[in-house]
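Chain residues, written in single-letter form:
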Amino acid sequence: MTGLTWPAAAALGLLLDRAFGEPPASLHPVAWFGRAMTAAERAGYRDSRAAGARHAILGVLLGAGAGACLGSAALGTGLAAAGRCLGESALTVGRALDRGDLEAARAALPALVGRDPAGMGENEMARAVVESVAENTVDAVVAPAFWAAIGGAPGALGYRAVNTMDAMVGHRSTRYQAYGWASARLDDAAGYLPARLTAALVAGVRPGRTADIWMAVHSQAPGHPSPNAGVAEAAFAAALGLRLGGCNRYGGRVEHRPWLGQGRPAARSDIRPAVRLSDDVNWLLTAVLAAAGLAARRKRRARGTRTARANREAKR
């Protein structure tokens, strides 16, 4: 693996994730990271942005440092990515809905979204799953590979650390309004380019919908409260011919999301197509990274050949 360029190693890491999925929770480095950051929060929590910024810096250093110790961009990407788990979790909810087992679907839904599943109907759960698949195609597939291609294993695991901290403390709650601000903004920044790359990849695998995807991303996504989730959800909505958005409940808090896409409301029959679209994006990204890695390797070899020739001529 040492001879792989970072883009090629990122492509291999996506293949590793597709083949093996994530390690058991008890052995997963992200679980260890979560415990470490929970301890750090317990020791350093203050209701201030400064304390939250220290928390975020510590988390990035831990994630990137773990990547540096690992030393393999392919393994780092495989650990940071979670595309297989995303698809399996979505299909678990979909199968429960197909059986008409709403309670089983509600029990499985928290693996995908932070919304309160109590009282959610079939179509509301289907919409939540499709929106989660769209958003997490960025977080669990495109972004880890993107940062691995740029920064190797430290980039991949550093990104996973940022995304994990956002999930832990980046909430709009009284406790985390100030403390989680830095983690949330850092996650927005880290996902900005990958989210837009995701929209481009969606258009690449559904070329017949390119115009609709472009319109949704540019005219509707800016109304979404998340600068990145809105882009991915708009692209998926347009590619699938759906209309996403509406009222979301998070415990006692209700958020009204803008409409994304011009199609029909999501139904349980849309979960499999959404997972298939995410898989297609994954495969296209893998191919693009592999091609970029091959081109970089050829360029590196050509440069080495020129250098060797120049050295031989200098010795004459």
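Residues numbered from 1 in each chain as written. Predicted model: local features only at pLDDT ≥ 70, side-chain atom pairs only at ≥ 80, totals over all residues. Heavy atoms only, no water.

> Can you tell me about the overall build of the protein chain, naming the residues and giving the values?
Scanning the protein chain from N- to C-terminus turns up 12 helices and three strands. The C-alpha atoms of the protein chain give 21 Å as radius of gyration, which agrees with the globular expectation for 316 residues (20 Å, within 12%). Seen through its principal axes, the protein chain has C-alpha atoms that stretch 80 × 55 × 35 Å. A burial count over the protein chain gives 48% of its 316 residues as buried. Total accessible area on the protein chain stands at roughly 14800 Å², and carbon and sulfur atoms take up 60% of it. With 38 positive and 24 negative side-chain charges, the protein chain shows a spacing of 11 Å between the two charge centroids. (Helix = DSSP H or I, 4+ residues; strand = E, 2+ residues; numbered from the N terminus. Rg over C-alpha atoms; globule rule 2.2 N^0.38 Å. Buried < 20%, exposed > 50% of the residue type's maximum accessible area, 1.4 Å probe, protein only. Areas by Shrake-Rupley, 256 points an atom, 1.4 Å probe, with all protein chains shown as cover. Lys, Arg positive; Asp, Glu negative; His and termini not counted. Charge placed at Lys NZ, Arg CZ, Asp CG, Glu CD.)

> Hey, could you go over a positive patch on the surface for me, with residue numbers and the actual values?
Together, Arg 297, Arg 298, Arg 300 and Arg 301 make up a region of like positive charge exposed at the surface. Among the secondary structure elements, Arg 298 is positioned in helix H12 (residues 271-315). (Patch = residues over 30% accessible without salt bridge, like charges linked within 9 Å, V, L, I, M, F, W, Y side chains within 5 Å. Salt bridge = Lys/Arg side-chain N within 4 Å of Asp/Glu carboxyl O.)

> Can you explain the side chain of Glu 255? Please cite residues and give values.
Within the secondary structure, Glu 255 sits in strand E2 (residues 253-260). Taking the relative accessible area as the measure of exposure, Glu 255 reaches 12% and is therefore buried. Of note is the side chain of Glu 255, whose polar atom sits 2.7 Å from the side chain of Arg 257. Ignoring any residue separated from it by four or fewer positions in sequence, one finds Glu 255 in contact with Arg 172, Gly 246, Cys 247, Asn 248 and Tyr 250. (Polar contact = N/O pair within 3.5 Å; in protein donor to acceptor, adjacent residues only side chain to side chain. Contact = heavy atoms within 4.5 Å.)

> Explain helix H2 (residues 29-44) to me, using residue names and the numbers behind them.
Under the 1.5 Å per step criterion, the end-to-end length of H2 is 22 Å for 16 residues, consistent within 8% with the ideal 22 Å. Turning to H2, its buried residues number three or more, namely Val 30, Phe 33, Gly 34, Met 37, Ala 40 and Glu 41. Down the axis of H2, the buried side of the element spans an arc of 125°, and every buried residue falls inside it. In this structure, H2 carries Arg 42 and Ala 43 as exposed residues pointing more than 90 degrees from its buried face. For H2, the elements touching its buried residues are helix H3 (49-70), helix H7 (122-169) and helix H8 (176-179). (Expected span 1.5 Å × (residues − 1). Arc of directions from axis to C-beta.)

> Describe the environment of Val 288, listing the residues and the values that go with them.
Here Val 288 shows up in helix H12. C-alpha separation for the pair Val 288 and Gly 119, spaced 169 residues apart in sequence, amounts to 42 Å.

> Which residues make up the pairing of strand E1 (residues 242-250), and what values do they have?
Relative to strand E3 (residues 264-265), E1 is paired through two bridges, and the arrangement is parallel. Residue pairing in the sheet places Leu 242 in a bridge with Arg 264 of E3. The pairing of E1 with E2 spans six bridges and is classified as antiparallel. Opposite Cys 247, over in E2, you have His 256 as the bridge partner. (Pairing = 2+ DSSP bridges.)

> Any chance you could break down the pattern of salt bridges for me, citing the residues and the numbers?
Going through the model one piece at a time under the given rule, you end up with 15 salt bridges. For Glu 41, the salt bridge goes to Arg 175, with nearest N and O atoms at 2.9 Å. With a gap of 134 residues between them, Glu 41 in helix H2 and Arg 175 in the loop between H7 and H8 connect regions that are remote in the sequence. Through salt bridges with shared partners, a single ionic network connects Asp 98, Glu 122 and Arg 268.

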